Amino acid sequence: MTFSLPDLPYSHDALGTYMSKETLEYHHDKHHLAYVNNGNNLLKGSEWENKSLEEIVRGSYGKNAALFNNAGQHYNHTHFWKWMKPNGGGKIPGALERALVESFGSVEKAKEDFIAAGTTQFGSGWGWLSVVDGKIVAAKTPNGESPLVGKGTPILGVDVWEHSYYIDYRNRRPDYLKAFVEHLVNWEYVAELYQAATR
Ligand code: MN3
């Protein structure tokens with residue numbers, strides 16, 4: 001496959017003050033585009049040229065660091081834009097809400113553990129909710145990694161690289177993570193991925 005930059009599923013100014021137009025212009029139009037272009041150059045002539053994105057991410061992990069970093073970030077960001085929506089946060093679809101309560105004890109604890117994972121990721125990386133053996137768990141990964149290269153199926157991820165929040169929140173990563181959970185998350189998309197992961 002050839003990587004291509006997906007359009008944002010909303011306009012650059014649609015997330016308001018929670019994630020500004022300027023952040024999305026840099027993050028989507030420049031950072032994500034660089035992963036796409038670098039990934040395509042590295043993919044050319046490699047053994048993964050005709051594989052799916054998920055196969056490239058899993059296959060290059062530990063074998064081709066440069067390709068993995070760019071493919072991993074392409075995978076993460078392609079979902080990241082869809083993990084947000086204007087006026088997000090809010091009501092969680094019933095089946096997902098029940099699964100969160102079953103896995104964490106309460107929705108509040110699930111959100112807390114997700115935010116804690118993102119806050120405590122030292123340096124660049126991602127915070128996650130993923131499905132492991134039918135259960136939802138919170139996790140963190142460095143750089144372009146994701147639960148996809150461990151044993152989980154990612155259902156929600158948040159980018160904690162500084163380029164994701166420094167324009168809007170400066171060094172206040174916990175404030176960014178709180179705003180992400182309360183005002184940006186597209187829980188319908190998370191529920192869709194949860195359902196696919198447990199089918
Ligand atoms: Mn990023």
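Predicted model, so just to flag it, every value in this text is computed and none were measured. (Residues numbered from 1 in each chain as written. Predicted model: local features only at pLDDT ≥ 70, side-chain atom pairs only at ≥ 80, totals over all residues. Heavy atoms only, no water.)

Novice: What is the right way to read the overall build of the chain from this model?
Specialist: Scanning the chain from N- to C-terminus turns up eight helices and three strands. Mapped from its N terminus to its C terminus, the chain presents α and β elements in the order α-α-α-α-α-β-β-β-α-α-α. Radius of gyration (C-alpha) of the chain: 16 Å, near the 16 Å computed for a compact globule of 199 residues. Expressed along its principal axes, the backbone C-alpha trace of the chain runs to roughly 50 × 40 × 30 Å. The burial tally for the chain puts 48% of its 199 residues in the buried class. As presented, the chain carries roughly 9400 Å² of accessible surface, and 49% of it is formed by carbon and sulfur atoms. Taking the average location of the 20 positive side-chain charges in the chain and that of its 23 negative ones, the two points are 3 Å from each other. (Helix = DSSP H or I, 4+ residues; strand = E, 2+ residues; numbered from the N terminus. Rg over C-alpha atoms; globule rule 2.2 N^0.38 Å. Buried < 20%, exposed > 50% of the residue type's maximum accessible area, 1.4 Å probe, protein only. Areas by Shrake-Rupley, 256 points an atom, 1.4 Å probe, with all protein chains shown as cover. Lys, Arg positive; Asp, Glu negative; His and termini not counted. Charge placed at Lys NZ, Arg CZ, Asp CG, Glu CD.)

Novice: In this structure, what is going on with the domain arrangement of the chain? I would like to understand it.
Specialist: How big an interface is tends to be expressed through the accessible area that disappears when the partners come together. By the assigned domains, the chain splits into domain 1 (20–82) and domain 2 (94–197). The largest share of the area that domain 1 buries against domain 2 comes from Asn76, Phe80 and Lys82, three residues that together contribute 28% of it. Counting the contacts that link domain 1 with domain 2 gives zero salt bridges. Where domain 1 touches domain 2, the interface holds 13 residue pairs in polar contact (both at pLDDT 80 or more). Broken down by secondary-structure element, the contributors of at least two residues to the side of domain 1 that touches domain 2 are α1 (21–43), α2 (53–60) and α3 (65–82). Counting residues per element, the side of domain 1 that touches domain 2 draws most heavily on α3, which supplies nine residues. Its residues placed into classes, the side of domain 1 that touches domain 2 shows seven nonpolar, nine polar and four charged. (Domains from an automatic or database assignment. Buried area = accessible area lost by both parts, 1.4 Å probe. Salt bridge = Lys/Arg side-chain N within 4 Å of Asp/Glu carboxyl O. Polar contact = N/O pair within 3.5 Å; in protein donor to acceptor, adjacent residues only side chain to side chain. Nonpolar A, V, L, I, M, F, W, Y, C, P; charged D, E, K, R; others polar.)

Novice: Would you take a moment to explain the packing of helix α4 (residues 94–104) against helix α5 (residues 107–120) for this structure?
Specialist: Two packed helices can be described by the angle between their axes and the distance between those axes. The interhelical angle for the contact between α4 and α5, taken along N-to-C directions, is 75 degrees, at an axis separation of 8 Å. On the basis of the axis angle, α4 is roughly perpendicular to α5. Packed against α4, whose contacting residues are Glu97, Leu100, Val101 and Phe104, the element α5 presents Val107, Lys109, Ala110 and Asp113 at the interface. Its residues placed into classes, the contact of α4 with α5 shows five nonpolar, no polar and three charged. (Axes fitted to C-alpha atoms, helices over the stretch in contact; angles between N-to-C directions. Parallel < 35°, antiparallel > 145°, perpendicular 65-115°, else oblique. Contact = heavy atoms within 4.5 Å.)

Novice: Just to check I follow, could you spell out the coordination of the manganese ion for this structure?
Specialist: Ideal values for angles at a metal depend on the geometry: 109.5 degrees with four tetrahedral donors, 90 or 180 degrees with six octahedral donors. Coordination of the manganese ion by the protein comes from His27 (NE2), His77 (NE2), Asp159 (OD) and His163 (NE2), over a distance range of 2.0 to 2.1 Å. Taken in sequence order, the residues that donate to the manganese ion follow the motif H-x49-H-x81-D-x3-H. A residue pair is termed long-range when its members are at least 10 positions apart, and His77 in helix α3 and His163 in the loop between β3 (153–159) and α6 (166–169) qualify at 86 residues. The exposure class of His163 is buried, given its relative accessible area of 16%. (Donors = N, O, S within 2.8 Å, 3.2 Å for Na, K, Ca; no water.)

Novice: It is not clear to me how the packing of aromatic side chains should be interpreted in this structure. Could you clarify?
Specialist: Two descriptors summarise a pair of aromatic rings, namely the distance from one centre to the other and the angle between the planes of the rings. One pass over the full model with this rule turns up 10 aromatic pairs. Each ring, one from Phe80 and one from Trp81, has its centre 5.4 Å from the other, and the planes form 55 degrees; the classification is tilted. One exposure class covers both Phe80 and Trp81, and it is buried. Ring centres of Phe80 and Phe180 lie 6.0 Å apart, and the angle between their planes is 10 degrees; this geometry places the pair in the stacked category. One end of the pair, Phe80, is in helix α3; the other, Phe180, is in helix α7 (residues 173–184), with 100 residues separating them in the sequence. Here Phe80 matches Phe180 in class, with each residue buried. The ring of Tyr26 carries Lys30 above its face, with NZ or CZ at 6.0 Å from the centroid. (Phe/Tyr/Trp six-rings, centres within 6.5 Å; stacked < 30°, edge-to-face > 60°. Lys NZ or Arg CZ within 6 Å of the ring centre and 35° of its normal.)

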